Amino acid sequence: MDLLNTLVDKGLRRETPTRAEALAVLATSDDDLLDVVAAAGKVRRHWFGRRVKLNYLVNLKSGLCPEDCSYCSQRLGSKADILKYTWLKPDQASQAAAAGLAGGAKRVCLVASGRGPTDRDVDRVSDTIRAIKDQNEDVEVCACLGLLSDGQAERLREAGADAYNHNLNTSESTYGDITTTHTYADRVDTVRKAHAAGLSACSGLIAGMGESDEDLVDVVFALRGLDPDSVPVNFLIPFEGTPLAKEWNLTPQRCLRILAMTRFVCPDVEVRIAGGREVHLRTMQPLALHLANSIFLGDYLTSEGQAGRADLEMIADAGFEVEGAGEVTLPEHRAGGGCGSHEGGGTCGPAVTESCGSAPEEPRTDLVAVRRRGAGTDLAPNA
Ligand code: SF4
């Protein structure tokens, strides 16, 4: 296909595709799917080889958020029966992080529910970062605490944070349909603050909230414009008890196309499969490793992932390798500079526009399990 040859050439040169090309990837048929994966896989291997970076989520504070993000099980008024707890102590968070690191993760993502941190919260998280780094010198720490006020990114950086995550989630034009308590511009502002403070910016999206192909292309192009180092791609987990509980719009094939499009638009960036991997890609997860170079190990913020051991086996069986602590994730031209998740591992409308013949499947609520182990519980974490 001429389209795919063009996109591979552009990806290897780090040239931005046109919007029409990105839309065309989302419109490819199931007959062309393996060709799409193979083409985007070439771009992935050029920049990241066969390495898969493992990230590990620690939910520092769960539930009871005053914001109303429709996709989120921790939102204001959520009836989802999730774990709810306030700030983990530094030693508790460090213990949770250690389980992930022992499982093979090289980045720990410290996430807290809420609109944004108070200065006291930044102090708490700073203590937690130090506690984790005292135990594990080489670990990368990413903080994900919501909207940042002036000076907070700098303080996190001083405490040893390597990265900051804040997702754009969806297109600017549909953002108001998803959340009313803050704006798309607020989110862009926080990504910029993280960048300006010298933190590696991590910002991504949530697919499956009823957005159109144009919305998906809009948000991925907006992300390219912000130049984050990592882009988490979440697939909505339609939690019972949230406004989007009925939005079962994704098929494994559509998830693969979305990941391929993201790879073509952000070729040299850490593309991470985030929340919803098991629920929506299901048996197609190994194919998605040809597109993304990063996943979360084990559980998500409020839902359970497949067993950490199954993640590792999947990577090995598909012919990939877990990226070691001594290996640099990003290509040389990006390393040390600034193209990562709030509820990133969690998830974020109207019915989705299916661009191919695949019909959305029946709701797979049987695949959604609320997290009942790890941080905030007395049970061992999944890692
Ligand atoms: S995504 Fe973050 S800010 Fe939005 S409701 Fe969930 S925890 Fe709150």
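Structural data are supplied above this passage.
We now turn to the structure provided with this report. By convention here, each chain's residues receive numbers from 1 onward along its written sequence. Residue-level local features of this predicted model are given only where pLDDT is at least 70; pairs of side-chain atoms are given and counted only at 80 or more, and the full residue set underlies all totals for whole chains, interfaces and linings. Hydrogens and waters are ignored; side-chain quantities use all the structure's heavy atoms.

**Brief notes about the overall build of the protein chain**
Line of reasoning, step 1. For the protein chain, the helix and strand inventory stands at 13 helices and 10 strands.
Line of reasoning, step 2. Throughout, the radius of gyration refers to the C-alpha atoms, and the reference size of a globule is 2.2 Å times the residue count to the power 0.38. What you see for the protein chain is a C-alpha radius of gyration of 19 Å, in line with the 21 Å of a compact globule of 383 residues.
Line of reasoning, step 3. Its C-alpha atoms give the protein chain principal-axis dimensions of roughly 55 × 45 × 40 Å.
Line of reasoning, step 4. For each residue, the accessible area found with a 1.4 Å probe, counting protein chains only, is set against the maximum for its type, and the residue is called buried under 20%, exposed over 50%, and partly exposed in between. Considering the protein chain as a whole, with its 383 residues, one finds that 61% of them fall into the buried category.
Line of reasoning, step 5. Surface accessibility of the protein chain: about 13,800 Å² in total, with carbon and sulfur atoms responsible for 49%.
Line of reasoning, step 6. A distance of 2 Å separates the average location of the 41 positive side-chain charges in the protein chain from that of its 55 negative side-chain charges. By definition, any uninterrupted DSSP run of H or I lasting at least four residues is a helix, any uninterrupted run of E lasting at least two residues is a strand, and each is numbered from the N terminus. Only the protein chains shown count as cover for residues, and all accessible areas are computed by the Shrake-Rupley method using a 1.4 Å probe. The charge count includes Lys and Arg as positive and Asp and Glu as negative, but it does not include His or the ends of the chains. Here the site of a charge means atom NZ of a Lys, CZ of an Arg, CG of an Asp or CD of a Glu.

**Some remarks on the pairing of strand β1 (residues 51-61)**
Line of reasoning, step 1. Across the 11 residues that make up β1, a large majority, 11, are buried.
Line of reasoning, step 2. Between any two strands, at least two bridges found by DSSP are needed for them to pair. With 2 bridges joining them, β1 and strand β10 (residues 321-322) adopt parallel strand pairing. Directly across from R51, in β10, lies its bridge partner E321.
Line of reasoning, step 3. With 6 bridges joining them, β1 and strand β2 (residues 107-112) adopt parallel strand pairing. Paired with L57 across the strands is C109, a residue of β2.
Line of reasoning, step 4. Handedness is read with the strands pointing away from the viewer; a crossover is right-handed when the path from the first strand over the helix to the second is clockwise. As a crossover connection, the stretch from β1 through helix α4 (residues 90-102) into β2 is right-handed.

**Thoughts on the packing of helix α2 (residues 19-26) against helix α9 (residues 213-226)**
Each pair of packed helices can be described by the angle between their axes along with the distance between the axes.
Line of reasoning, step 1. Where helices are involved, their axes are fitted lines through C-alpha atoms of the stretch in contact, as for all axes, and angles between N-to-C directions lie from 0 to 180°. Orientation of α2 relative to α9, taken along the N-to-C sense of each, is 125°, at an axis distance of 10 Å. Classified by the angle their axes make, α2 and α9 are oblique. In terms of crossing hand, the pair formed by α2 and α9 is right-handed. Two secondary-structure elements touch here, α2 through R19, A22, L23 and L26 and α9 through D213, E214, L216, V217, D218 and F221. Reported orientations rely on four angle classes, namely roughly parallel under 35 degrees, roughly antiparallel over 145, roughly perpendicular from 65 to 115, and oblique for the rest. Left-handed is the label given to a crossing in which the near helix is rotated counterclockwise from the far helix by less than a right angle, and right-handed is the label when the rotation is clockwise. Every residue pair with non-hydrogen atoms within 4.5 Å of one another is taken to be in contact.

**Here we look at the pattern of salt bridges**
Line of reasoning, step 1. For salt bridges, the criterion is a side-chain nitrogen of Lys or Arg within 4 Å of an Asp or Glu carboxyl oxygen. Counted according to the given criterion, the structure contains 28 salt bridges.
Line of reasoning, step 2. A salt bridge links R13 to E15; the shortest N-O distance between them is 2.6 Å.
Line of reasoning, step 3. For E15, a relative accessible area of 32% gives the class partly exposed.
Line of reasoning, step 4. Where E278 meets R277, a salt bridge forms, and the shortest distance between an N and an O atom there is 3.6 Å.
Line of reasoning, step 5. Judged by its relative accessible area of 1%, R277 falls in the buried class.
Line of reasoning, step 6. A cluster of three or more residues bridged by salt bridges with shared partners is formed by K53, R107, E140, E270 and R272.

**Let's talk about the side chain of T170**
Line of reasoning, step 1. Take T170: it is sitting in the loop between β4 (163-165) and α7 (175-178).
Line of reasoning, step 2. Within the structure, T170 has its side chain in polar contact with the side chain of T174 (distance 3.2 Å).
Line of reasoning, step 3. Excluding residues within four positions of it along the chain, T170 makes contact with Y175, I178, Y184, M209, E211 and V219. Identification of polar contacts relies on pairs of N or O atoms within 3.5 Å, with a donor-acceptor requirement for protein atoms, meaning one able to donate a hydrogen and the other able to accept it, and with residues adjacent in sequence counted only if both atoms are side-chain atoms.

By themselves, these are just geometric observations and shouldn't be taken as functional.
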